[in-house]
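# Close look at the chain arrangement
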2 protein chains.
Amino acid sequence: MAMRPETDDESKPQDGPHPSRRQGKPRGRPRSFDRETALERAILAFWEHGYEATSVSDLTRVMGIGAPSLYAAFGDKRSLFEEVVRAYGARYGSFGDRALAEEPTARAAVERMLREAAAGYTEPGRPHGCLVLHAATNCTTPEVEESLRERRNADIAAIESRIKAGIAAGELSADVDAAALARHTGAMIQGMSQQSRDGATKEELEALAELAMAIWPRS
Amino acid sequence: MAMRPETDDESKPQDGPHPSRRQGKPRGRPRSFDRETALERAILAFWEHGYEATSVSDLTRVMGIGAPSLYAAFGDKRSLFEEVVRAYGARYGSFGDRALAEEPTARAAVERMLREAAAGYTEPGRPHGCLVLHAATNCTTPEVEESLRERRNADIAAIESRIKAGIAAGELSADVDAAALARHTGAMIQGMSQQSRDGATKEELEALAELAMAIWPRS
DNA sequence: CGCATTTTATAGCGGGCACTAGAGAAAAGT
DNA sequence: ACTTTTCTCTAGTGCCCGCTATAAAATGCG
C-alpha cells in the first residue's frame, strides 16, 4: 500500500529544543520527532485503511519513527488507535456536535449536519468518509469494534435528544417520532459516508442531503 | 502460489460452483463432506466476520474439513470468497433484483426493497446486515475490496435504470432526478445495514423504510 | 569530566497467517 | 489381486504480525 514515500528529510534533531512539552526540563535525550504531526499521520493512516489493515510497520513508516519510539510515545497499537479516534473526533468529527449545539432548530441542525457531511466526506487531500464508521468494521479485536459502535449509537442518541428538545420547545409537533427521525439522520450520514468511499462526489452527496430533508415535517 | 497443479483441468469431475450431477462415477476416493453445506458455512463465516478477519483455520473449523480439502475443493482463500459472494448474492442478496423485476412500479419496487432489507438484515439465526457492504471494507487485498465496491455501485445503477424506466412509462414525472433517487435508496439500504449491525431491530428499520419513502413524489 | 536519564536504531522474539509437501486411505478400473 | 486416481491427515513452509531486549546516542546535573 502506497502511504507516504518521503520521510526523514530533517537530518538533525532540531537545535531549538521545542519547549512546549513540559514545564520542567526533560532530563534525558530529547525526542527527535514532533508528537502531534506523528499523531496526525497516524490519524490519516487509520482513517484510510482501518485499524486492522494498518500495521505497526505501516505506522512507523508514515509517522517517520521507529517502532520503539512509537511504543514509548503512544503505548501499544490499540492505545494509539484510541488516541487517534479521540483526536479525529476533535479535529474532523465534531461537525455534528457543533451543528446540534449552534443551530437554532433541530431541523436546521440536521440539515447542516448533512450538508457538512457531504462536504467533509469528500474533502480532497484526505480520506473519504468517516473514520468512526469504517475503521473498525470486521475487527478481530471485538473491544475496538465495540467502542466505535458505541460512539455511533451515542451520536444518534445525541440527535434524538436534540429533536426531543425541539419538540419540547414547540418547534416540532408533539407526535413526531424523535427516535425514528434521529435514526433516519444517522442512517443517511452512514449511507453518505459509504457512498463517498465508493466514489460519490460532493455534489451527489449534497443532492442526497437535500432529498433526505424532504421527510421533515414543515416547521 | 500460481502453481496449483490441477486447476481447471477439463478431465476432472468439474468441481465448479454447481456440480449438478456428474456423468459416471468419479474415479478416486470420494469426498467425505458435502460441498454445499461447507460452502454455506463459509458464507456465514465471511458474512459475520468479513474477508480478512476470517482466517483459513477459522474456515476449516466451521466447515468441518482440513485445509488441504478446502484448497482442493475451493481453490485459495480468495477464490473461495468469490464463490461465497456469488452464492450469497443468489441466496440472500437477490431480493433487490426480484423487487425491481416483479413490482409494477419503480416506487413499489423500492418500497419492497427497503422493507425486505429491514427484515432480511435483522433475520434471527444469521449475521445481520449485508455481506457485500461489510465483508471487504478496510481490506489489505485491494482487488477484493474493489470487487464488492463495483457490486454496490452496480446495484445502485440497477435501481436508477428501473426508475428511468418508470419515468419512461409515465409512472413518474419527467423532472424526477432518477440518479439522485436511486442513490438515496442505496444510501438508505447501506445505512439500514449498518444500523442492523449496530443493534437496530426489524421494527426500527421498518420505521426507517417507511420514513424514507416519504421523499417519493406521489404517483 | 563522569553519571543518571531518556530516546534512538538494530535486531529479533513468539505466534498466527495463507498455503502445501508427503504419505496414507478409500474408491474405481483392469 | 493390483494399479490408478483422488481425497484426507499430519506436519510443516516462509512470511508478516505486534511487540521488545539491548545497547548506543543525546541530553541535564554535579
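Provided above is the structure to which this section pertains.
Analysis parameters
- Each chain has its residues counted from 1, following the order in which its sequence is written.
- Labels are handed out in written order, letters beginning with A for the chains and numbers beginning with 1 for the ligands.
- Reporting in this predicted model follows two pLDDT cut-offs: at least 70 for local features of residues, and 80 or more for side-chain atom pairs to be given and counted; totals over whole chains, interfaces and linings ignore these cut-offs and use all residues.
- Only hydrogens and water are set aside when side-chain values are computed; all heavy atoms of the structure are taken into account.
- Least-squares superposition of the copies uses the C-alpha atoms of those residues scoring a pLDDT of at least 70 in each of them.
- In this analysis, two residues are considered to be in contact whenever any of their non-hydrogen atoms come within 4.5 Å of each other.
- When two rings of Phe, Tyr or Trp (its six-membered ring) have centres within 6.5 Å they constitute a pair, described as stacked for plane angles under 30 degrees, edge-to-face for angles over 60, and tilted for the intermediate range.
- Placement of a positive charge over a ring is assigned whenever Lys NZ or Arg CZ falls within 6 Å of the ring centre and within 35 degrees of the normal to the ring plane.
- Angles shown run from 0 to 180 degrees and are taken between the N-to-C directions of axes, each axis being a line fitted to C-alpha atoms and, for helices, limited to the stretch in contact.
- Elements are defined by DSSP. Helices are runs of H or I of four residues or more, strands are runs of E of two residues or more, and each kind is numbered from the N terminus.
- For this classification, under 35 degrees means roughly parallel, over 145 means roughly antiparallel, 65 to 115 means roughly perpendicular, and everything else is oblique.
- Take the far helix as the reference: if the near one is turned anticlockwise from it by less than a right angle, the crossing is left-handed, and if turned clockwise, right-handed.
- We define proximity as follows: a residue is near a molecule or strand when any one of its heavy atoms falls within 4 Å of that partner.
- Polar contact is defined as a pair of N or O atoms within 3.5 Å, subject to the rule that within protein one atom must be able to donate a hydrogen and the other to accept it, and that residues adjacent in sequence are counted only when both atoms are side-chain atoms.
- Each residue gets one of three labels, nonpolar for Ala, Val, Leu, Ile, Met, Phe, Trp, Tyr, Cys and Pro, charged for Asp, Glu, Lys and Arg, and polar for the others, Gly among them.
- The salt bridge definition used is simple: a Lys or Arg side-chain nitrogen within 4 Å of an Asp or Glu carboxyl oxygen.
- Using a 1.4 Å probe on the protein chains alone, a residue whose accessible area is under 20% of its type maximum counts as buried, one over 50% counts as exposed, and one in between counts as partly exposed.
- Only protein atoms enter the 1 Å grid, on which a cavity is a set of points fitting a 1.4 Å probe that cannot get out and a pocket is an open set with protein on both sides within 12 Å along at least 5 of 7 lines, lining residues being those with an atom within 4 Å of a point.
- Grid points are joined across faces, edges and corners, and a volume is the space filled by probe spheres set on the points.
- Take the residue count of a helix, subtract one, and multiply by 1.5 Å to get its expected span.
- Note on definitions: buried area is the accessible-area loss of two parts on being combined, 1.4 Å probe, summed for both.

### A word on the relation of the copies chain A and chain B
Once chain A is rotated about the relating axis by 180° and shifted along it by 0.0 Å, it coincides with chain B to within an RMSD of 0.1 Å. In the structure described here, the two chain copies are related by an operation that fits a two-fold rotation axis. The position closest to the rotation axis in chain A is occupied by the C-alpha of Gly191(A), lying 2.3 Å away. Of all interface residues in chain A, 97% are interface residues in chain B too; the two copies therefore contact each other through one and the same surface.

### Thoughts on the packing of aromatic side chains
Residue and element names in this part refer to chain A. Counted according to the given criterion, the structure contains 14 aromatic pairs over all chains. Every member of this aromatic cluster is reached through a ring pair, and the members are Phe46, Tyr51 and Phe81. Directly above the ring of Tyr51 sits Lys77, whose terminal nitrogen or CZ lies 4.6 Å from the centroid.

### With respect to the packing of helix α1 (residues 35-49) of chain B against helix α2 (residues 56-63) of chain B
All names here are of chain B. Two elements in contact, α1 and α2, have axes whose closest approach is 9 Å; the angle formed by their N-to-C orientations is 135°. With respect to α2, the axis of α1 lies oblique. Note that α1 runs across α2; the crossing there is right-handed. Judged by residue contacts, Ala38, Leu39, Arg41, Ala42, Ala45 and Phe46 of α1 engage Leu59, Val62 and Met63 from α2.

### Quick notes on unusual backbone geometry
Look at Asn138(A): it is not a glycine, yet its phi comes out positive at around 55°. Considering the arrangement of structural elements, one finds Asn138(A) in the loop between α7 (131-134) and α8 (142-168).

### Some points on the protein's contact with DNA strand C
If you check the shell around DNA strand C, you find 25 residues, and the closest are Ser32(A), Ser69(A), Arg27(B), Val56(B) and Lys77(B). Close to the protein, within 4 Å, the atoms of DNA strand C are drawn from sugar and phosphate at a rate of 74%. Lys77(B) is positioned such that a nitrogen or oxygen atom in its side chain is 2.8 Å from a phosphate oxygen of DNA strand C. Listed by contribution, the elements that provide at least two residues to the surface near DNA strand C are α3 (67-74) of chain A together with α2 and α3 (67-74) of chain B. No other element matches α3(B), which puts 3 residues into the surface near DNA strand C. Among the residues forming the surface near DNA strand C, the class breakdown is 10 nonpolar, 8 polar and 7 charged.

### Observations concerning the pattern of salt bridges
Following the criterion strictly, the structure yields 32 salt bridges over all chains and no others. Here Asp198(B) ties to Arg152(A) by a salt bridge, and the two come within 2.7 Å at their closest N and O atoms. In this pair, Asp198(B) is assigned in the loop between α9 (178-197) and α10 (202-212) and Arg152(A) in helix α8, connecting two distinct chains. Classification of Asp198(B) by relative accessible area gives buried; the value is 9%. Judged by relative accessible area, which is 7%, Arg152(A) ranks as buried. For Arg35(B), the salt bridge identified is with Glu83(B), shortest N-O distance 2.9 Å. Pair noted here: Arg35(B) is in helix α1 and Glu83(B) is in helix α4 (residues 77-91), with a separation of 48 residues, a long-range link.

### Comments concerning empty space enclosed by the protein
Tallying each qualifying case throughout the model produces 3 cavities of 30 Å³ or more. Considered as a void within the structure, the largest cavity measures approximately 100 Å³ in volume. Lining the largest cavity we find Leu133(A), His134(A), Thr137(A), Gln190(A), Gln194(A), Leu133(B), His134(B), Thr137(B), Gln190(B) and Gln194(B). For the lining of the largest cavity, the secondary-structure elements that each account for two or more residues are α7 and α9 (178-197) of chain A together with α7 (131-134) and α9 of chain B. Per-class residue counts for the lining of the largest cavity are 2 nonpolar, 8 polar and no charged.

### Things to note about the protein's contact with DNA strand D
For DNA strand D, the set of nearby residues contains 24 residues, the closest of which are Val56(A), Tyr71(A), Lys77(A), Ser32(B) and Ser69(B). Here DNA strand D approaches the protein such that, of its atoms within 4 Å, sugar and phosphate make up 75%. Ser55(A) places a side-chain nitrogen or oxygen 3.5 Å from a phosphate oxygen of DNA strand D. Arg29(B) is positioned such that a nitrogen or oxygen atom in its backbone is 3.3 Å from a sugar or linking oxygen of DNA strand D.

### Comments concerning α8(A)
An ideal rise of 1.5 Å per residue puts 39 Å on 27 residues; α8(A) measures up with 38 Å between its terminal C-alpha atoms. Taken together, the buried positions of α8(A) are occupied by Val144(A), Glu145(A), Leu148(A), Arg149(A), Arg152(A), Ile156(A), Ile159(A), Arg162(A), Ile163(A), Gly166(A) and Ile167(A). In the core, the buried residues of α8(A) are packed alongside α4 (77-91), α5 (95-102), α6 (106-120), α7 and α9 of chain A together with α9 of chain B. In the stretch just after α8(A), Gly170(A) is the one whose phi turns positive, near 85°.

### Describing the interface of chain A and chain B
Interfaces are often sized by the amount of accessible area the parts lose when they come together. If you look at the interface, chain A gives 36 residues, while chain B gives 36 residues. Carbon and sulfur atoms supply 53% of the area buried between chain A and chain B, which totals about 2900 Å² over both sides. Contact with chain B buries surface across chain A, with Asn138(A), Arg183(A) and Asp198(A) losing the most and accounting together for 23% of the total. Viewed at the interface, chain B and chain A are joined by 6 salt bridges. The residue Arg183(B) makes a salt bridge to Glu204(A) at a minimum N-O spacing of 3.3 Å.

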